[in-house]
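Okay, here's what each chain looks like letter by letter:
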Amino acid sequence: MASTSTHEVTHTRMANVIRALSMDAVQKVNSGHPGLPMGAADIATVLFTRFLKFDPQNPEWPDRDRFVMSAGHGSMLMYSLGYLSGYPAMSLDEVKRFRRIGGKTPGHPELDLAAGVEATTGPLGQGLGMAVGMALAERMLREKFGAGLVDHHTYVLASDGDLMEGISYEATAFAGHLGLDRLIVLFDDNQITIDGPTSLATSEDQEVRFKGIGWQFLRADGHDPESIAAAIEQAKQSDQPSIIACRTTIGFGAPTRAGKAAAHGMPLGEEEIAGARKNLDWPHGPFEVPEDILAAWRQAGGRGGADFAAWQKRLNAADGAVRAEFQDWLARKPPEGWEAALRARKKELCAAQAAEPTRMSSKKVVETLVPAIPNLVGGSGDLTPSNLSRPDGIDTLDRDNFDGRYIHYGIREHAMAAITNGLVLHGGYVPYCATFLCFSDYCRPALRLSALMRQPVIYLLTHDTITMGPDGPTHQSVEHFATLRATPNFLFCRPADAVEVAECWEIALRTETQPVGLVMTREGVPPVRKEHTDENLSARGAYVLAEAEGTARVTILATGSEVWVALGARDILHAEGVPTRVVSMPCWELFERQPEDYRDMILDESTLKVSVEAATVLGWDRYVGPDGVIIGMTTFGESGMPDEVMEHFGITPKQVAATIKARLGS
């Protein structure tokens, strides 16, 4: 609802409309965080009206500045900005539907470019990590295609909480190491958390911290537009990433709650809101936006139209081949021929029949993909010689070589995953990141957001089971299988041999709306696929690898390195007169998508179903049924040589066969 006003349009009134909309929306639903939007409104107003390069009418413009609301609890700031600056998908009615099912204004921002939301945030520190990835993508693309097509900044609004989270230390140190000078963090320095003043838990000197990791540290009065603007101007001139500590008052304008924890995470209440309206000289009713203020905001939102048109003109004038490649990279459209190259490698791997770790098979596959897909980039949280994530012949990315395609993240798995999210969100790259499967725990918050945002991040997770052996149970994944399989919209792919590795990489590269975990072994595994086929059998999630000789009495379901165990058990059972089928089941999630008749054929209810997996038994009951047998882990592992550990837990061909015979009563 718009209203007329006789007041002059000023920065203060343009900021106060954000404050009013935020406290009104939180009050209407009786839930939310009004304090941050009210405190940071001046920062946002300066950024959006003077600096941010964006065009609400072209929200997917590749060369727009990115604005990431890392302090996602202050989401009403983001939604107010989206509505006021003119994003068609963010109407005033949507603002009024704050935190309601089906609306575009959820409790914490969720990726929606049409509404001006660049990333799903809320878990503190994640937005900052993703912004580092966006800034890295911008720098890499600028190196490749030039500043005429790629020349923008990444801005982050971060809270005290963002900077306390461990991921912020990992991500900002990485950004400083690479000198990502187009990254500017606006620190809402209100010195308040839900518990109370930040002094309850920290006495850290942020200036010392950031200067020590290669950042420019600036200060500004977060309620003085000229102070904020001067700091942003200085940050844009730096050859380092910059953080601006903007000293603000949480709940600015609230008569009794301003500057207090009480303004943080609860509605202000009608009386407090009335007092805030008086203090802010805002005589308008709930959700009323004066016409002159809305017009001023829409004019600010329209500033980027000319920039977009000029960029489009430069793109159209670019060399045809360059323009086509640029557009293909942004669309994640690999050059023709990558599938043929991958199939050829798959055929070679099948013909070689080598017993090798699937992590080695993965390295061979990636060495085929690197020349075939020029925007495929990867990296690892250290461990590169162990997880074999770096293909031969690929250059390292560093601050002197942004053409490099392999990223050394250091021992920073959490930031690595968030940065990889940012690379995908920005557009232009097909990234993968690598670590041991047990260390996916360090990646979990970012991995979960990959799935929630429906982003095709590839996680290469090696050293996957108790066959880590001598490293012991600290490094042996057991529960991680169930944890990742339980994550909605996540594909957990565990190939059995080199051929399935090639197929699982194809699955990952074809997947557009969900992350994929490629789970590889440390130890060598025998080949199980003996004949080449162009068809991707793994893409069905499960398939019959070996039929029974005669009418089947048993179906063994297995994944990864236990498939050869199942085949060995089958041979023993056949020799003893028990016809047995073996099903390789590299991806439960893909199997669940198959038609019912196919799933029924695979599971064959007329047989005793047995699962074999050197990990938690959790979940297998859905496939083996109440009368089936689940062979796996109910404890953590043990330190020992791989074959000793497998025997200790009863997961060898001989032991599996014996367990099945005992169940059959023969």
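Computed from a predicted model, the values in this text were never measured in an experiment.

Thresholds applied
- Residues numbered from 1 in each chain as written.
- Predicted model: local features only at pLDDT ≥ 70, side-chain atom pairs only at ≥ 80, totals over all residues.
- Heavy atoms only, no water.
- Pairing = 2+ DSSP bridges.
- Helix = DSSP H or I, 4+ residues; strand = E, 2+ residues; numbered from the N terminus.
- Right-handed = clockwise from strand over helix to strand, strands pointing away.
- Expected span 1.5 Å × (residues − 1).
- Bend = angle between axes of the 7 residues up to and from the residue.
- Buried < 20%, exposed > 50% of the residue type's maximum accessible area, 1.4 Å probe, protein only.
- Contact = heavy atoms within 4.5 Å.
- Axes fitted to C-alpha atoms, helices over the stretch in contact; angles between N-to-C directions.
- Disulfide = S-S within 2.5 Å.
- Salt bridge = Lys/Arg side-chain N within 4 Å of Asp/Glu carboxyl O.

## A look at the pairing of strand β7 (residues 216-221)
No. 1: Examined bridge by bridge, β7 and strand β8 (residues 242-247) share 6 bridges and lie parallel to one another. Bridging across to β8, Asp 221 finds its partner in Arg 247.
No. 2: Handedness of the β-α-β unit built from β7, helix α9 (residues 225-236) and β8 comes out right-handed.

## Regarding helix α18 (residues 440-453)
Given 3.6 residues per turn, any residue in an α-helix points the same way as the ones three and four places further on.
No. 1: Across its 14 residues, α18 extends 18 Å between first and last C-alpha, which sits within 8% of the 20 Å expected from 1.5 Å per residue.
No. 2: Maximum bend of α18: about 40 degrees, positioned at Ala 446.
No. 3: Within α18, burial applies to Ser 440, Cys 443, Ala 446, Leu 447, Leu 449, Ser 450, Ala 451 and Met 453.
No. 4: In this fold, the buried residues of α18 make contact with α5 (126-145), α17 (413-426), β13 (430-436), β14 (458-462) and α19 (480-485).
No. 5: With its phi angle positive at about 60 degrees, Arg 454 sits one or two positions after the end of α18.

## A look at the sheet that holds strand β21 (residues 608-616)
No. 1: Spatial strand order, β18-β20-β19-β21-β22: 5 strands in an open sheet with mixed pairing. Each edge of the open sheet is held by one strand with a lone partner, namely β18 (543-546) and β22 (629-633). Going across the sheet, the axis of each strand differs from the next one's by a mean of 25 degrees, ignoring polarity.
No. 2: As paired elements, strand β19 (residues 554-558) and β21 share 5 bridges and run parallel to each other. Looking at the pairing, Ala 558 lines up with Val 612 of β21.

## Notes on the state of the cysteines
No. 1: Applying the stated criterion across every chain yields a total of 0 disulfides.
No. 2: Cys 433 forms no disulfide, and the closest cysteine sulfur to it belongs to Cys 443, at a distance of 5.9 Å.
No. 3: A residue is classified by how much of its surface remains accessible, and Cys 433, at 1% relative accessible area, is buried.

## Digging into the sheet that holds strand β11 (residues 376-380)
In a beta sheet, neighbouring strands are held together by backbone hydrogen bonds and run either parallel or antiparallel to one another.
No. 1: Judged by pairing direction, the sheet is parallel, and its 6 strands sit side by side in the order β12-β11-β13-β14-β16-β15 without closing on themselves. Strands with a single pairing partner mark the edges of an open sheet, and in this sheet they are β12 (406-408) and β15 (491-493). When strand polarity is set aside, the average angle formed by the axes of neighbouring strands in this sheet is 20 degrees.

## Remarks on unusual backbone geometry
No. 1: Phi is positive for Arg 99, close to 65 degrees, though the residue is something other than glycine.
No. 2: Tracing the chain through its elements places Arg 99 in the loop between α4 (92-96) and α5.
No. 3: Although it is not a glycine, Asp 382 adopts a positive phi angle of roughly 60 degrees.
No. 4: With respect to the element layout, Asp 382 can be found in the loop between β11 and α16 (384-387).
No. 5: A residue is classified by how much of its surface remains accessible, and Asp 382, at 41% relative accessible area, is partly exposed.

## Digging into the pattern of salt bridges
No. 1: As enumerated under the stated definition, the model contains 31 salt bridges in all.
No. 2: Of the charged contacts, one joins Arg 182 and Asp 151 as a salt bridge, the two residues approaching to 2.6 Å between their closest N and O atoms. One end of the pair, Arg 182, is in the loop between α7 (166-178) and β4 (183-189); the other, Asp 151, is in the loop between α5 and β3 (154-159), with 31 residues separating them in the sequence.
No. 3: Look at Asp 151 and you get partly exposed, because its relative accessible area is 30%.
No. 4: Among the ionic pairs, Lys 346 bridges to Glu 503, the shortest N-O distance being 2.8 Å. In this pair, Lys 346 is assigned in helix α14 (residues 338-352) and Glu 503 in helix α20 (residues 498-510), connecting sequence segments 157 residues apart.
No. 5: Given the relative accessible area of 0%, Glu 503 is considered buried.

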